[in-house]
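Letter by letter, the chains look like this.
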Amino acid sequence: KELTQLKRAFSKWGVFDHFLGKFRFIRINDNSTKAIYQFSEFCDIDSLPVTLPYYGGILLGFLRKEFEPSLHFAQIVSQNSRIFKYVRVSQIAERLVTYGRDIIGTSISDYRVEHENELVLILNNFGDAIGLGRTRFNPELIKNNQITVTNLLDIGTYLRDEDAWSKNRSSNSS
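Cut-offs used in this document
- Residues numbered from 1 in each chain as written.
- Predicted model: local features only at pLDDT ≥ 70, side-chain atom pairs only at ≥ 80, totals over all residues.
- Heavy atoms only, no water.
- Helix = DSSP H or I, 4+ residues; strand = E, 2+ residues; numbered from the N terminus.
- Contact = heavy atoms within 4.5 Å.
- Pairing = 2+ DSSP bridges.
- Phe/Tyr/Trp six-rings, centres within 6.5 Å; stacked < 30°, edge-to-face > 60°.
- Buried < 20%, exposed > 50% of the residue type's maximum accessible area, 1.4 Å probe, protein only.

Engineer: For this particular structure, what's the right way to read the side chain of Asp154?
Structural biologist: The residue Asp154 is located in strand β10 (residues 147–154) in this model. With residues up to four places along the chain from it excluded, the contact list for Asp154 reads Leu71, Val97, Thr98, Gly100, Ile130, Gly131 and Arg160.

Engineer: How should I be thinking about the pairing of strand β5 (residues 86–89) in this particular structure?
Structural biologist: Looking down a regular strand, the side chains alternate between one sheet face and the other. Sheet topology places β5 next to strand β7 (residues 108–112); 4 bridges connect them, and they run antiparallel. Paired with Val87 across the two strands is Tyr111, which belongs to β7. Sheet analysis places β5 next to strand β8 (residues 119–123), joined by 3 bridges and oriented parallel. Pairing of Tyr86 across the sheet is with Leu121, part of β8.

Engineer: Hey, could you run me through the packing of aromatic side chains in this one?
Structural biologist: Two aromatic rings, taken as a pair, are described by how far apart their centres are and by the angle between their planes. Tallying each qualifying case throughout the model produces 5 aromatic pairs. Taken together, a centroid distance of 6.4 Å and an interplanar angle of 85° make the contact between Trp13 and Phe73 edge-to-face. A residue pair is termed long-range when its members are at least 10 positions apart, and Trp13 in the loop between α1 (2–12) and α2 (16–19) and Phe73 in helix α3 (residues 71–80) qualify at 60 residues. Given the relative accessible area of 3%, Trp13 is considered buried. With a relative accessible area of 0%, Phe73 lands in the buried category. Among the aromatic residues, those joined into a ring-pair cluster are Phe10, Trp13, Phe67 and Phe73.

Below, the structure written as structure tokens:
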């Protein structure tokens, strides 16, 4: 069941052939969340000295009701697929996205969106995935001056989390 769910997600994002036979996957339960990691085909998972590793490889996403992609997965999709849903944002909007801000319609320079409430990659002008978002409107209304894409996850998350982690660490050592 889980493998079928992954295959459907890879097909939806246009990277099914990219993952086919090249890598091994491991599912790691963390409470009710199932994290999916990508391992190189040369990594011998079966010979690991632990019965269940905590993490390893590249985090592709999480299996819940549906597959929830990670930023690593978004980058793989942006480099290896041509059929994914996306919004491409201006340089100013790119900076705002990395600060966790939502996207205003006028800052979108290009898009491939079909429906409202659709999960999309957020791309910069160079085609690099800088985040994941969810559309708020139909594509016909996407060029208005309102928030049209909600930022769900962006590359600035790492920096914001690292800053919070270092502040927490320094306050604990005092």
